[in-house]
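Observations on the three-dimensional arrangement
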Amino acid sequence: MLNTPRALRGMVVAPHHLAAEAGLAVLREGGNAIEAMVAAAAVAMVVYPHMTGLGGDGFMLIAPPGRTPLAVEACGRAAAAADLAFYKQQGLDRIPARGPLAAITVAGTVSGWQAALELSARMGGRLPLARLLADAIFYAREGYAVTGTQAENTEAKCRELKDVPGFAPVFLDRGAAPPVGRRFKNPALADSLARLAAAGLDDFYRGELARRIAADLARAGSPLTGADLAAQRAILVPPLALKLASATLYNLPPPSQGLASLVILGIFERLGIAEAEGFAYLHAMVEATKEAFRIRDEHVTDPDHMRGRAEDFLAERALAEMAGRIDPARAGAWTLNPAPGDTVWMGAADASGLVVSFIHSIYWEFGSGVVLGESGILWQNRGMAFSLTPGSLHQLLPHRRPFHTNNPALARFDDGRVMAYGAMGGDGQPQSQAAVFSRYGLFGRPLQEAVTAPRWVLGRTWGAGRTGLRLEGRFEPAAVAALARA
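Everything in this summary refers to the structure shown in the same document. (Residues numbered from 1 in each chain as written. Predicted model: local features only at pLDDT ≥ 70, side-chain atom pairs only at ≥ 80, totals over all residues. Heavy atoms only, no water.)

If the charged atoms of two oppositely charged side chains come close together, the side chains can form a pair. One pass over the structure, following the stated rule, counts 31 salt bridges. Arg-98 is paired through a salt bridge with Glu-160; the nearest N and O atoms lie 3.0 Å apart. In this pair, Arg-98 is assigned in the loop between helix H3 (84-89) and helix H4 (109-122) and Glu-160 in helix H6 (residues 148-161), connecting sequence segments 62 residues apart. Residue Arg-309 pairs with Asp-312 through a salt bridge whose shortest N-O separation is 3.0 Å. One connected set of salt bridges, linked through shared partners, spans Glu-73, Arg-77, Asp-302, Asp-304 and Arg-401. (Salt bridge = Lys/Arg side-chain N within 4 Å of Asp/Glu carboxyl O. Helix = DSSP H or I, 4+ residues; strand = E, 2+ residues; numbered from the N terminus.)

Now the structure itself:
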């Protein structure tokens, strides 16, 4: 989370210190927040490979000083050959979680970098791409120390991934998970990043690197082709916006679940809760989440296939109606449609006041598990968000965009403060966003206190199979008991 008035020279936050340091170095060399974000994201894709990578999708909110934020949607579409008949021929009634038949959507994130850097150039950005990718290339080629989370996730997923094409040679050490602290290298990925630095980002989709990627995908058994890669373009879209009493909140429109994040806070403000924490606060947040997830699960999909407009659910009448359905003393019904997903969120702000909120995902830990031999790229399994049920909200169709849990958030306060914020964790993303923003933005608690305060999650979050309401153990026992009674 970033709050720009206290970051006089700029700030970068990332899930790995090497990524944050790479972005900060770009700011110190005169780069802007967009350039710092690309540098940090590239390093994260090398040193945090179980959660992020060149083979995934990304979304970005860019807030120029004094101007309306812009949204970059870098969501890859389904392969032209991927449809219900394709899986029927494979004898499958659902899309596999792992392997080449899970690698069915184009990786969009590099196209998002390209679109963002084009905006950056118009805003005075001047650092060359080779500089922005230099640290990522170094760590991929020379290595970095394996983190605890990489070691733990590799160990946990080893059995289901060890036989997936390309996984074991890159991610396993003599057939086992590498231990914490072991130097980890991916020279093929270093070569791919170096190729992009020299030839430009478009090479990922329409150049020599694209040809290598397409050949590797075909060898692995994925239906993605060079033509699918060549068709990929990130798009600039107006962000969803919600005006609260003291700030305007922004998030990504569908196919992202950003709508849910805004609806939670829109409902919550209308419930008139007097203070953070306690039963009333937690109950209101959980019940608002139920309403928001109902809207998400019934409506949010590829916007080309949506029934209705996302903006309509942020109108005063719609939010008031949803708030009116909440009983202040009793829990409402909860019909679960869990949205799993693992991501990284990152943010950057520079001295000019330009702020970026960025989120990226390969969906599950290690995505599809497919690692492309020539390029060293781990491919996402975001296509699992599609359904093979005819007529369903997320029915698989060629060139369709998958539903995304990814949603970067940004707030512009009426007094001029700008805050980029976000979280990882499927269903937990919009709830963690609501927790942090409400504590800081609505109740005025210090920012670090708002981040540190205990959280809850309704549904599924990172690393968990359970789907009920769970709370951290640091909540007041009286509040927890009251929730149980409700």
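For H6, built from 14 residues, the straight-helix expectation of 20 Å at 1.5 Å per residue is met to within 8% by its first-to-last C-alpha distance of 19 Å. Bending of H6 peaks at approximately 35° at the position of Glu-155. Along H6, the residues that are buried comprise Gln-150, Ala-151, Asn-153, Thr-154, Lys-157, Cys-158 and Leu-161. Those residues of H6 that are buried lie in contact with helix H2 (33-47), strand S5 (144-145), helix H7 (167-171) and strand S6 (183-184). (Expected span 1.5 Å × (residues − 1). Bend = angle between axes of the 7 residues up to and from the residue. Buried < 20%, exposed > 50% of the residue type's maximum accessible area, 1.4 Å probe, protein only. Contact = heavy atoms within 4.5 Å.)

Below, the discussion takes up the pairing of strand S4 (residues 70-74). For S4, the buried fraction is high: four of the five residues fall into the buried class. The pairing of strand S3 (residues 57-63) with S4 spans five bridges and is antiparallel. By the bridge assignment for S4, Met-60 is matched with Val-72. The loop that links S3 with its antiparallel partner S4 comprises six residues; one of these, Gly-66, has a positive phi angle of about 70°. Where S4 meets strand S7 (residues 235-237), three bridges bridge the pair, whose relative direction is antiparallel. Bridge pairing links Val-72 to Leu-236 in S7. (Pairing = 2+ DSSP bridges.)

Counted by the stated rule, this structure contains 16 aromatic pairs. Each ring, one from Phe-293 and one from Trp-334, has its centre 6.3 Å from the other, and the planes form 40°; the classification is tilted. Linking Phe-293 in helix H13 (residues 278-299) with Trp-334 in the loop between helix H14 (316-324) and strand S10 (342-350), this pair joins segments that are 41 residues apart in sequence. Note on Phe-413 and Phe-437: the rings are 5.8 Å apart at their centroids and 20° apart in plane angle, and the pair reads as stacked. One end of the pair, Phe-413, is in strand S12 (residues 409-413); the other, Phe-437, is in helix H15 (residues 428-442), with 24 residues separating them in the sequence. Among the aromatic side chains, those forming a connected cluster through ring pairs are Tyr-144, Phe-167, Phe-171, Phe-184 and Phe-366. Of note, Arg-296 hangs over the ring of Phe-293, and the distance from its end group to the ring centre comes to 3.9 Å. (Phe/Tyr/Trp six-rings, centres within 6.5 Å; stacked < 30°, edge-to-face > 60°. Lys NZ or Arg CZ within 6 Å of the ring centre and 35° of its normal.)

Our next topic: the nonpolar core. Counting 97 residues, the largest nonpolar core has Trp-113, Phe-204 and Trp-379 as the members making the most contacts within it. Beyond its immediate stretch of four places on either side in the chain, Phe-204 contacts Leu-54, Ala-107, Val-110, Leu-196, Leu-209, Ala-210, Ile-213, Leu-229, Ile-377 and Trp-379. In this structure, Leu-244, Phe-313, Leu-319 and Ala-479 belong to the second largest nonpolar core, which totals 50 residues. (Core = buried A, V, L, I, M, F, W, Y, C linked by side-chain atoms within 4.5 Å.)

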